[in-house]
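Reading the structure
Take a look at the letters that make up each chain.
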Amino acid sequence: MTHIAPHPASAAISLEHRSLQTVWHPCTPMKQHETCPLIPIVRGKGVWLYDAAGNRYLDAISSWWVNLFGHGHPVINAAIRDQLEKIEHVMLAGFTHEPVIALSERLKQITPGSLGHCFYASDGASAIEIALKMSFHYWQLCGKNQKTGFVSLQNDYHGETLGALAVTDVAVFKDTYAPLLRPCAHVPTPDWRYAEPGESAENYALRAAAALECYLAEHHTQTAALILEPLVQGATGMGMYHPIYLQRARVLCDQYQVHLIADEIAVGFGRTGSLFACDQAGITPDILCLSKGLSGGYLPLSVAMTTDAIYQVFYDTDAAQAFLHSHSHTGNALACRAALASLDLLEQNHVIETNKAKAEYLTRRAAIIANHEKVNNFRHCGMIWAFEVDTHRQDFATQCFLIGLSQQLLIRPLGKTVYFMPPYVIGEAEMDLLVDGTLHVLDTLTV
Ligand SMILES: *Cc1c(COP(=O)(O)O)cnc(C)c1O
C-alpha cells in the first residue's frame, strides 16, 4: 500500500493553485483561469466577502442570488448550531421532524392561495424536475394521456438538469445538449425590452399574452403545463415584465386546463418587492417552485408546493398512483432550520417595507448610472436593478468583473447586462460604494 503523504506545506501553496488542481468550477471555461484570477474566500460578514489576501468585496449579486440577509448572520448561524445538537439529517420517507413540519406550515401560510403540500429537494433544478413530473403524472392519473408537453417563455431559465434544461430557453446552456433534450415550446416573452417604441409595458404584456392564447388554443390537449419565471427573467439578463401577463396566463391556463408552474426560485422571498412575485398579480400557481433564498442562501434546499387538487389525485395506497420521486437530502433538518430563521428575519424586521426605502435610495443614487451615455434600459423591480451597456467589447463581462473587484465590488454581468441584486442588509454607505464603483467600471471600460 502506498502511503500518501500530506500535501507538502499546503499553506505555502496558494488556495487558488490548489483549487485549480482538483476543483472543476461551475459555469467556467477552466483555461480562463490561466489569465483570470480565482478568488479564495475565507470568510464573510454582512454584504462583505473577504479573501485570503485580506481584500474585501461587496457581494452585489448575493452569491448567485441566494443570499438574503448577508453572510454570517448571527440568527441563522445560531439556528443551525442549535439544530446540529439535535438531529442533522434523517430520511424523510417514513420519518418526519419538527423543522420540516414547521417550515411547511409556515410556507403554506405565506404563499399565495391554497398552496399547501410541500415536496422538498436540494437545489432549484430538482424542484423544477419535481414540478414537471408531478404535472405530467397528474394528467396521466386523470386519464388525459395526451397531455405530455410543456410550454415556457422565450428567454426563460429553469435550471440545467435535463428536464429543467428542456424548458429553459438560453442557447449558451442548451444548444450543446439539444440532442439529449425533449422538445419544448416557447411562447414570446412579455419582457418589455421587446416592445415596439412607445408601447407600454402593459400593452406589450397583453400582446405577449395573446400569443400564449393562440398557442394554448391550438395545443392545450397535448400540454400539461405552462412554466414561467414570474415578473423577472433572471438568467437571460433580468428581463422584467408587467404583472398583467401573469393574470392573463392564469385565466388562460384555467380555461384550457393546463397547469401553471411558477418558478420563483430566484424571485421568491421579497426580491421583486412583494413576498412572492405572483402576489403582484394576485394569482396562485398550481405548482410553486422555491429555492435560492429559501434557506437565506445558507444551505441547499428547494421545494415544489402544490394545491389540494393536485395532491388528492396522488392520494392512494397504490405505489403506481403515488409520486415516488425522492432525493437523499429531502427535507434536511439543518436546511429547514436555516429557512425558518430566514423567514423569522423576513417577518420580524418588516423586510418588505424596509426594502422599499432601500430600493428608493439606491434607485435615486443610481440615476447617474441610468443617465450615463453608455447605459440603456435602466430598470428596477424591488431589490433587482439592471441595465445594458453599449459596448463592442467581447470581453465586457470579464473586464467588468475584474475592474469591479478592484473597486471592492462583486458584480458579474450577464453578457452586456449589468445587474445589482444585493443582500437585503445592504446599507446606504454600501449602496454609495456600489454606485460609485460601477460608474468607475463604466468610465474605465467605455473610453
Ligand atoms: C437558479 C435558478 C434555477 C436553478 O436552481 P439551481 O439551484 O441552480 O439548480 C431555476 N430557476 C430559476 C429561475 C433560477 O434562477
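Refer to the structure printed above.
The present account deals with the structure reproduced in this document. Note that this is a predicted model, so its numbers are computed, not measured.

1. Describing the pattern of salt bridges
- Overall, the coordinates contain 16 salt bridges when judged by the stated rule.
- Note that D82 and K86 form a salt bridge whose closest N and O atoms lie 2.9 Å from each other.
- The partner of R365 in a salt bridge is D436, with the nearest N and O atoms 3.1 Å apart. Here R365 is found in helix α12 (residues 351-365), whereas its partner D436 is found in helix α15 (residues 428-445), with 71 residues between them in sequence.
- Here R365 falls in the partly exposed class, since its relative accessible area comes to 25%.
- Under the relative-accessibility criterion, D436 is labelled partly exposed at 41%.

2. Focus on the site of the ligand
- In the vicinity of the ligand, the contacting residues are W65, D123, G124, A125, Y157, H158, G159, E229, D263, I265, A266 and K292.
- At 2.8 Å, a backbone N or O of A125 approaches an oxygen atom of the ligand.
- A distance of 2.6 Å separates a nitrogen atom of the ligand from a polar side-chain atom of D263.
- Computed on the free molecule, the ligand has an accessible area of 380 Å², of which 82% lies beneath the protein chains in the complex.
- Looking at the shell around the ligand residue by residue, the classes come out as 5 nonpolar, 3 polar and 4 charged.

3. Notes on the nonpolar core
- L103, L107, L226, L228, M238, Y245 and F269 are the most contacted members of the largest nonpolar core, which totals 110 residues.
- If one sorts the elements of this core by residue count, helix α11 (residues 333-348) sits on top with 10 residues.
- Those residues within four positions of F269 in sequence are excluded, and the remaining contacts are L68, L107, I110, L275, F276, L290, S291, G293, L294, L343, L346 and Y424.
- Among the nonpolar cores identified, the runner-up in size contains 27 residues, and A125, A127, M134 and F314 belong to it.

4. Examining the environment of G44
- As for its position among the elements, G44 is in strand β1 (residues 41-45).
- Each C-alpha atom of the pair G44 and V251 lies 45 Å from the other, and the pair is 207 residues apart in sequence.
- Dropping the residues within four chain positions of it, G44 is found in contact with L49, Y50, H71 and G72.

5. Notes on the packing of aromatic side chains
- A complete count under the given rule lists 11 aromatic pairs for this structure.
- With a centroid separation of 6.0 Å and 90° between ring planes, the pair formed by W65 and Y419 is classed as edge-to-face. On the criterion of sequence distance, the pair formed by W65 in helix α2 (residues 62-65) and Y419 in strand β16 (residues 417-420) is long-range, its members being 354 residues apart. Considered together, W65 and Y419 belong to a single accessibility category, that of buried residues.
- Note on F69 and Y424: the rings are 5.9 Å apart at their centroids and 90° apart in plane angle, and the pair reads as edge-to-face. Taken together, the residues F69 in the loop between α2 and α3 (74-84) and Y424 in the loop between β16 and α15 connect sequence positions 355 residues apart.
- Aromatic ring contacts, followed pair by pair, group F119, F314 and F323 into a single cluster.
- A cation over a ring is seen here: R43 above Y50, with NZ or CZ 4.0 Å from the ring centre.

6. Notes on the sheet that holds strand β14 (residues 384-389)
- Within the open sheet, the 3 strands sit side by side as β13-β14-β16. Their pairing is antiparallel. Pairing within the sheet leaves two strands with one partner each, and these edge strands are β13 (375-381) and β16. Across the sheet, the mean angle separating the axes of adjacent strands is 15° when strand polarity is ignored.
- Here β13 pairs with β14 via 5 bridges, running antiparallel. Within the sheet, the bridge partner assigned to N376 lies in β14 and is E388.
- Packing against the sheet, α15 makes contact with β13, β14 and β16, and its axis sits at approximately 10° to β14.

Quick notes on the rules
- Residues numbered from 1 in each chain as written.
- Predicted model: local features only at pLDDT ≥ 70, side-chain atom pairs only at ≥ 80, totals over all residues.
- Heavy atoms only, no water.
- Salt bridge = Lys/Arg side-chain N within 4 Å of Asp/Glu carboxyl O.
- Helix = DSSP H or I, 4+ residues; strand = E, 2+ residues; numbered from the N terminus.
- Buried < 20%, exposed > 50% of the residue type's maximum accessible area, 1.4 Å probe, protein only.
- Near = heavy atom within 4 Å.
- Polar contact = N/O pair within 3.5 Å; in protein donor to acceptor, adjacent residues only side chain to side chain.
- Areas by Shrake-Rupley, 256 points an atom, 1.4 Å probe, with all protein chains shown as cover.
- Nonpolar A, V, L, I, M, F, W, Y, C, P; charged D, E, K, R; others polar.
- Core = buried A, V, L, I, M, F, W, Y, C linked by side-chain atoms within 4.5 Å.
- Contact = heavy atoms within 4.5 Å.
- Phe/Tyr/Trp six-rings, centres within 6.5 Å; stacked < 30°, edge-to-face > 60°.
- Lys NZ or Arg CZ within 6 Å of the ring centre and 35° of its normal.
- Pairing = 2+ DSSP bridges.
- Axes fitted to C-alpha atoms, helices over the stretch in contact; angles between N-to-C directions.

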